[in-house]
Amino acid sequence: MSTNTIAIIPARGGSKRLPKKNIKLLGDTPLVAHSILYAKKHSFIKDVYVSTDDEEIKKIALEYGAKVIDRPKEISGDNEPTVSALKHVLETISVEIENVVLLQVTNPLRQADLLQNAYQVFKDNNCESLFTVSQNHHKLGKIKNNKFEPFNYEFGQRSQDLDPLFYENGLLYITKANLIFEDIIISKNAFPFQINHIFATVDIDTKEDFEYAEYLYSKYIKI
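Reading guide: rules and limits
Residues numbered from 1 in each chain as written. Predicted model: local features only at pLDDT ≥ 70, side-chain atom pairs only at ≥ 80, totals over all residues. Heavy atoms only, no water. Helix = DSSP H or I, 4+ residues; strand = E, 2+ residues; numbered from the N terminus. Buried < 20%, exposed > 50% of the residue type's maximum accessible area, 1.4 Å probe, protein only. Contact = heavy atoms within 4.5 Å. Patch = residues over 30% accessible without salt bridge, like charges linked within 9 Å, V, L, I, M, F, W, Y side chains within 5 Å. Areas by Shrake-Rupley, 256 points an atom, 1.4 Å probe, with all protein chains shown as cover. Salt bridge = Lys/Arg side-chain N within 4 Å of Asp/Glu carboxyl O. Phe/Tyr/Trp six-rings, centres within 6.5 Å; stacked < 30°, edge-to-face > 60°. Pairing = 2+ DSSP bridges. Axes fitted to C-alpha atoms, helices over the stretch in contact; angles between N-to-C directions.

Undergrad: Can you tell me about the environment of Thr 206, naming the residues and giving the values?
TA: As for its placement among the helices and strands, Thr 206 is situated in the loop between β11 (191-194) and α6 (207-220). A relative accessible area of 18% means that Thr 206 is categorised as buried. When the C-alpha atoms of Thr 206 and Leu 18 are compared, they prove to be 5.4 Å apart, with 188 residues separating the residues in sequence. In this structure, Thr 206 is in contact with Arg 17 and Leu 18, ignoring residues within four places of it in sequence.

Undergrad: So what about a nonpolar patch on the surface? Which residues, and what values?
TA: A cluster of nonpolar side chains, Ile 198, Tyr 212, Tyr 215, Tyr 220 and Ile 221, forms an exposed patch at the surface whose accessible area comes to about 450 Å². Take Tyr 220: it is sitting in helix α6.

Undergrad: Give a detailed account of the side chain of Gln 111, specifying residues and quantitative values.
TA: Mapped onto the elements, Gln 111 comes out in the loop between β6 (99-102) and α4 (114-124). Residue class for Gln 111 comes out buried when judged on its relative accessible area of 16%. Those residues in contact with Gln 111 that lie beyond four places of it in its chain are Tyr 38, Leu 171, Ile 195, His 197 and Phe 199.

Undergrad: Account for the packing of aromatic side chains, with residues named and values stated.
TA: Tallied over the full model, the rule gives 5 aromatic pairs. Aromatic pair Tyr 119 and Phe 122: ring centres 6.3 Å apart, planes at 25 degrees, arrangement stacked. Note that Tyr 119 and Phe 122 are positioned in helix α4 at a spacing of 3 residues, about one turn of the helix. Residue classification places Phe 122 among the buried residues on the basis of a relative accessible area of 1%. When the centroid spacing of 6.0 Å and the interplanar angle of 85 degrees are considered together, the rings of Phe 199 and Tyr 220 count as edge-to-face. Remark: Tyr 220 occurs in helix α6 and Phe 199 occurs in the loop between β11 and α6; sequence separation between them is 21 residues. When its relative accessible area of 43% is taken as the criterion, Tyr 220 is described as partly exposed. Following the ring pairs from residue to residue traces out a cluster consisting of Phe 44, Tyr 119 and Phe 122.

Undergrad: Tell me about the pairing of strand β1 (residues 5-10), and please be specific about residues and values.
TA: Working note: regular strand, side chains alternate between the two faces of the sheet. The buried fraction of β1 is high, at 6 of 6 residues. Residues Thr 5, Ala 7 and Ile 9 of β1 are buried on one face, and the alternating residues Ile 6, Ile 8 and Pro 10, pointing to the opposite face, are buried as well.

Undergrad: Account for the sheet that holds β11, with residues named and values stated.
TA: One open sheet accounts for 7 strands, arranged β5-β4-β1-β6-β10-β7-β11; its pairing is mixed. Edge positions in the sheet fall to β5 (67-70) and β11, since each of these pairs with one other strand and no more. Going from strand to strand, the sheet's axes swing by 35 degrees on average, the running direction of each strand aside. Here β6 pairs with strand β10 (residues 165-176) via 4 bridges, running antiparallel. Within β10, the residue paired with Leu 102 across the bridge is Tyr 173.

Now the structure itself:
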């Protein structure tokens, strides 16, 4: 069995709410390149692949040392699930892959030791998949018939007394390649790797999201 681990970064060209999002400069670096450079710092990642349908993204990815897989138009639409891009990469390359690290362009800020620590947990626990989660501290509820129904608390309850709930923050995913061939990234037995860090609050989809990422980048990363 191969022990090859690769990183895949899906990066489509079309972005309606923030045009050319994936090549916008965060600091002096295009957004897609932040994830490429992050992956390349880890020796256990054999290759970094960018899956894209866009020539500008392809050019930047190659400049930063990634390999590029041209994504067909039929799996480049707005409603296409991420796993289809991952599966296409695995079907395209000729190397047998054991593990895939998925890094999303929209989550460019990650702690330096996050992937190394997550990968160690993935290996030590013989996981089939792992994804990062963060604790949610909001009092959540549903609105039905114009009435608010608390979901994770009772009216008057203190925030610190809530049962902890967690959300999928998108910072990184590690998955066995054989699961991706079954259209699965997060399996039912996936390990929830907890991250309580301000970087987990970044998910770039709008201009405001990008400005927030710029603020955190200038405060915590750029010297």
